[in-house]
Amino acid sequence: MCQRIRRKISAFFKKETVLCIAFILAVFSMFLVPPDRNYPGYIDFRTLAILFCLMCVMAGLQKIGVFDRIARKLLGRVGSGSGLVLTLVWLCFFFSMLITNDVALITFVPFTFIVLRMLGTELENRLLLPVVVLQTIGANLGSMLTPIGNSQNLYLYGKAGMSVGGFLMLMLPYTLVSLVLLTVFCVLQGRVCSRFSQMEKAASKETSSMEKKTFYQLAVYLMLFLLCLLVVGHILPWQTVLFVVLAVIFVMDRHILTKVDYSLLFTFVEFFVFVGNVGRVPTFRDFLQSFIAGREIYTAVVASQVISNVPAALLLSGFTEDMAGLIVGTNLGGLGTLIASMASLISYKNVAKEAGERKGSYIALFTAWNIVFLAALICMNLLIR
């Protein structure tokens, strides 16, 4: 019995490593600052509500096959190897700006395995790892452009109090450079693909016209997505939109509520508690503030390599006023190690499941190319500064 419990705990820790670490840190901080009436003030309920609503909407759109339909239509128009790789990677890059990097990878990486199998074993083996690595990099880089592209952006954007336009202009130079680099890598990789007609015919097969029920659901989910954007833009109160999303989802398809990443929400809460508590310890607060000052970007990049960029954003935001620096640093910090962005683990899990014997090669290629992109964007930052 004890051995079975240990196995379950070990499996849960491996699956939810960041959640468990956040919980340990939160409990530890409670010994430094015992629970009191200030605890509720630690938690950014607005960010949590927007995250929850967006995850519900994206789960609904994914369930009715919206992203799969779009991907198949686009691939049906592709006529070359480079076009194939570009399409698969650009789907992650551009969609991540609106549906988050996590959802983009959850949607399009499994779809990529299906498409590449149509090319035959030889081309599949040559393209699989490079394409999935580029998709992962593309999702992490595309998501940095918008406040809703990833979790840390949503949190830091709200904390910074900047406008949507200001956020876009801050991240636009890095996004454009990323797009150019991605395109170059995709074109070079696409040249190995020659037998393309078989894949094109298979990928262009479309299902019958959208059913009325599905069209109705699409309209509802798009309306809810618009409401979420209005909350992000500080036009509607988050409490109202949260109530509307919950009510609509519960009536239309309550099963969607089981698809929400609650572990991410709880991770946010635990880090809010940890950051709030250590911020009330004068020695630690003064040291971290003096260390970060003027080094926000590079501190965030380094911290992200160890604890991933979302926890780094939550931790460091309590000790500096330079939210713009943290936004840039945590987005660039999503490149590098496999855990620098937790979204990267989604691709890794798919590779481990479908091509487990090549996990080591994937990690090596992933790390090497991430370092190249990270170095290029850091150079970009130095030029801007």
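These numbers were taken from a predicted model, which means no experiment stands behind them. (Residues numbered from 1 in each chain as written. Predicted model: local features only at pLDDT ≥ 70, side-chain atom pairs only at ≥ 80, totals over all residues. Heavy atoms only, no water.)

A. Geometry of the state of the cysteines. This structure, assessed with the given rule, holds zero disulfides. Unpaired in this structure, C228 has its nearest cysteine sulfur neighbour in C53, at a distance of 4.8 Å. (Disulfide = S-S within 2.5 Å.)

B. Fine view of the environment of N370. Locating N370 in the fold gives a position in helix α19 (residues 359–384). For the pair N370 and I50, spaced 320 residues apart in sequence, the C-alpha to C-alpha distance is 30 Å. Ignoring any residue separated from it by four or fewer positions in sequence, one finds N370 in contact with I137, G334, L335 and G336. A polar contact of 3.2 Å, which involves the side chain of N370, links it to the backbone nitrogen of G336. (Helix = DSSP H or I, 4+ residues; strand = E, 2+ residues; numbered from the N terminus. Contact = heavy atoms within 4.5 Å. Polar contact = N/O pair within 3.5 Å; in protein donor to acceptor, adjacent residues only side chain to side chain.)

C. Expanded view of the packing of helix α7 (residues 121–142) against helix α9 (residues 164–190). In contact at an axis separation of 11 Å, α7 and α9 are set at 170° when each is read in the N-to-C sense. In terms of their interaxial angle, α7 and α9 are classed as roughly antiparallel. Seen from α7, the contacting residues are L127, P130, L134, I137, G138 and L141; seen from α9, they are S178, L182, F185, C186 and Q189. Among the residues making up the contact of α7 with α9, the classes are represented as eight nonpolar, three polar and no charged. (Axes fitted to C-alpha atoms, helices over the stretch in contact; angles between N-to-C directions. Parallel < 35°, antiparallel > 145°, perpendicular 65-115°, else oblique. Nonpolar A, V, L, I, M, F, W, Y, C, P; charged D, E, K, R; others polar.)

D. Highlighting the confidence of the model for the protein chain. Across the protein chain, the average pLDDT comes to 84, with 94% of residues at 70 or higher. Per-element mean pLDDT across the protein chain ranges from 47 in helix α10 (residues 197–203) up to 94 in helix α17 (residues 323–332). Contacts from residues 197–204, a stretch scored under 50 in pLDDT, to residues over four places away or in other chains number 15 contacts. (pLDDT = per-residue confidence, 0-100.)

E. Region of interest: α17. With nine of 10 residues buried, α17 lies mostly within the body of the structure. Within the span of α17, buried status applies to M323, G325, L326, I327, V328, G329, T330, N331 and L332. Residues of α17 that are buried in the fold lie against α8 (151–160), α9, α15 (296–307), α16 (309–316) and α19. (Buried < 20%, exposed > 50% of the residue type's maximum accessible area, 1.4 Å probe, protein only.)

F. View of the pattern of salt bridges. In total, this model carries two salt bridges according to the counting rule given. In this structure, D36 engages R280 in a salt bridge whose closest nitrogen and oxygen atoms are separated by 2.6 Å. Placement of the pair is D36 in the loop between α2 (17–32) and α3 (45–63) and R280 in the loop between α13 (262–278) and α14 (282–292), with a sequence separation of 244 residues. Note on R280: relative accessible area 32%, which makes it partly exposed. (Salt bridge = Lys/Arg side-chain N within 4 Å of Asp/Glu carboxyl O.)

G. Summary view of the side chain of S341. Tracing the backbone through its elements, the reader meets S341 in the loop between α17 and α18 (344–354). Engagement of the side chain of S341 in a polar contact is seen with the side chain of N140, the distance being 3.0 Å. In this structure, S341 is in contact with N101, N140, N309 and G334, ignoring residues within four places of it in sequence.

H. Region of interest: α3. Relative to the 27 Å expected for 19 residues at 1.5 Å per residue, α3 spans 27 Å between its end C-alpha atoms, a close match to the ideal helical length. Immediately beyond the C-terminal end of α3, within one or two residues, lies G65, with a positive phi of roughly 80°. (Expected span 1.5 Å × (residues − 1).)

I. Examining the nonpolar core more closely. Membership of the largest hydrophobic core comes to 125 residues, with the highest contact counts inside it found for L61, F67, F108 and F268. With 12 residues, the top contributor of residues to this core is α3. For F67, the residues in contact, after removing those within four places along its chain, are M58, L61, Q62, F95, I99, V103, T107 and F108. (Core = buried A, V, L, I, M, F, W, Y, C linked by side-chain atoms within 4.5 Å.)

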